[in-house]
Amino acid sequence: MASRQADEAVSANDSSDPIIKQIPVVFNQKLAKKLFLLQYPNRPRSRPYGMDLQRDSAQIQPRQGKMELLYRIPTDGENYDPENPTHLENLVLTSSKIRRKHNYAAGVISGGKLHLTPLENLLIMRPTHRHIDEADIKKKELMEKRKRQEMGASKGPIVQREIKHEYVRRGPA
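Throughout what follows, the structure given in this document is the object of discussion. (Residues numbered from 1 in each chain as written. Predicted model: local features only at pLDDT ≥ 70, side-chain atom pairs only at ≥ 80, totals over all residues. Heavy atoms only, no water.)

### Some thoughts on the overall build of the chain
Stage number 1. Each helix and strand counted, the chain has 2 helices and 8 strands in total.
Stage number 2. Listed by position from the N terminus, the elements making up the chain come as α-β-β-β-β-β-β-β-β-α.
Stage number 3. Across the 173 residues that make up the chain, the buried fraction comes to 14%.
Stage number 4. Counting contacts in the chain only where the partners sit at least 6 residues apart, residues at least 24 apart contribute 57% of the total.
Stage number 5. Just so you have it, the chain exposes about 15400 Å², and 50% of that area is on carbon and sulfur atoms. (Helix = DSSP H or I, 4+ residues; strand = E, 2+ residues; numbered from the N terminus. Buried < 20%, exposed > 50% of the residue type's maximum accessible area, 1.4 Å probe, protein only. Contact = heavy atoms within 4.5 Å. Areas by Shrake-Rupley, 256 points an atom, 1.4 Å probe, with all protein chains shown as cover.)

In structure tokens, the structure reads:
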């Protein structure tokens, strides 16, 4: 009864957009934990990842809801500078799990039916900045190497030694 009233309300409210076909809906829970909805908030819709980058690999930890996507950056393009010491060869996107505020579903029409599967895994994909960390490590290693050369030591890390003084109390004076 309620669905008939809803159908009548829809058709009465918008006669310029008539219903052309009604199909049955099937809910499928089997894939609910295996499907992921990925959002890319730092990338414009007009230029999605993959247009100018080649996806190289993906790592998924489904129970933890984590994903990492690796894209190769083309090194033969006019915007790539191989002389730049901070150049990137790869772009890594890492996920953050989103707390669901709304219900989402993935749907496909097959066999004259609309098959809907709820989406439980909502992830935001953002670029990581590992290259900055790696550059910092290389910079620290270079500085340490220079310090060793200045001190005349050619091998081994710089070690700061702490001198401990031990006082021994001898019997009564």
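### Some remarks on the pairing of strand 5 (residues 90-97)
Stage number 1. One ladder, built from 5 bridges, connects strand 4 (residues 66-72) with strand 5; its direction is antiparallel. Bridge assignment links Tyr 71 to a residue of strand 5, and that residue is Leu 91.
Stage number 2. As defined by bridge partners, strand 5 adjoins strand 8 (residues 121-127) across 5 bridges and the pair is classed as antiparallel. Counted as the bridge partner of Thr 94 is Arg 126 from strand 8. (Pairing = 2+ DSSP bridges.)

### Some points on the sheet that holds strand 7 (residues 113-119)
Stage number 1. Reading across from one edge, 1-7-6 is the order of the 3 strands in this open sheet, with mixed pairing throughout. Edge positions in the sheet fall to strand 1 (25-27) and strand 6 (104-110), since each of these pairs with one other strand and no more. The average angle at which neighbouring strand axes cross in this sheet is 25°, direction not considered.
Stage number 2. Note: strand 6 against strand 7, 7 bridges, orientation antiparallel. When the sheet's bridge partners are listed, Ala 106 is paired in strand 7 with Thr 117. (Axes fitted to C-alpha atoms, helices over the stretch in contact; angles between N-to-C directions.)

### Some remarks on the pattern of salt bridges
Stage number 1. Counted according to the given criterion, the structure contains 3 salt bridges.
Stage number 2. Between Glu 120 and Lys 33 there is a salt bridge, with its nearest N and O atoms 3.7 Å apart. Here Glu 120 is found in the loop between strand 7 and strand 8, whereas its partner Lys 33 is found in the loop between strand 1 and strand 2 (36-39), with 87 residues between them in sequence.
Stage number 3. A residue is classified by how much of its surface remains accessible, and Lys 33, at 61% relative accessible area, is exposed.
Stage number 4. Across the salt bridge formed by Arg 72 and Asp 56, the nearest N and O atoms sit 3.2 Å from each other. With Arg 72 in strand 4 and Asp 56 in strand 3 (residues 54-61), this residue pair connects regions lying 16 residues apart in the sequence.
Stage number 5. Judged by relative accessible area, Asp 56 falls into the partly exposed class, the value being 40%. (Salt bridge = Lys/Arg side-chain N within 4 Å of Asp/Glu carboxyl O.)

Everything listed here is a matter of geometry and, on its own, says nothing about what the molecule does.
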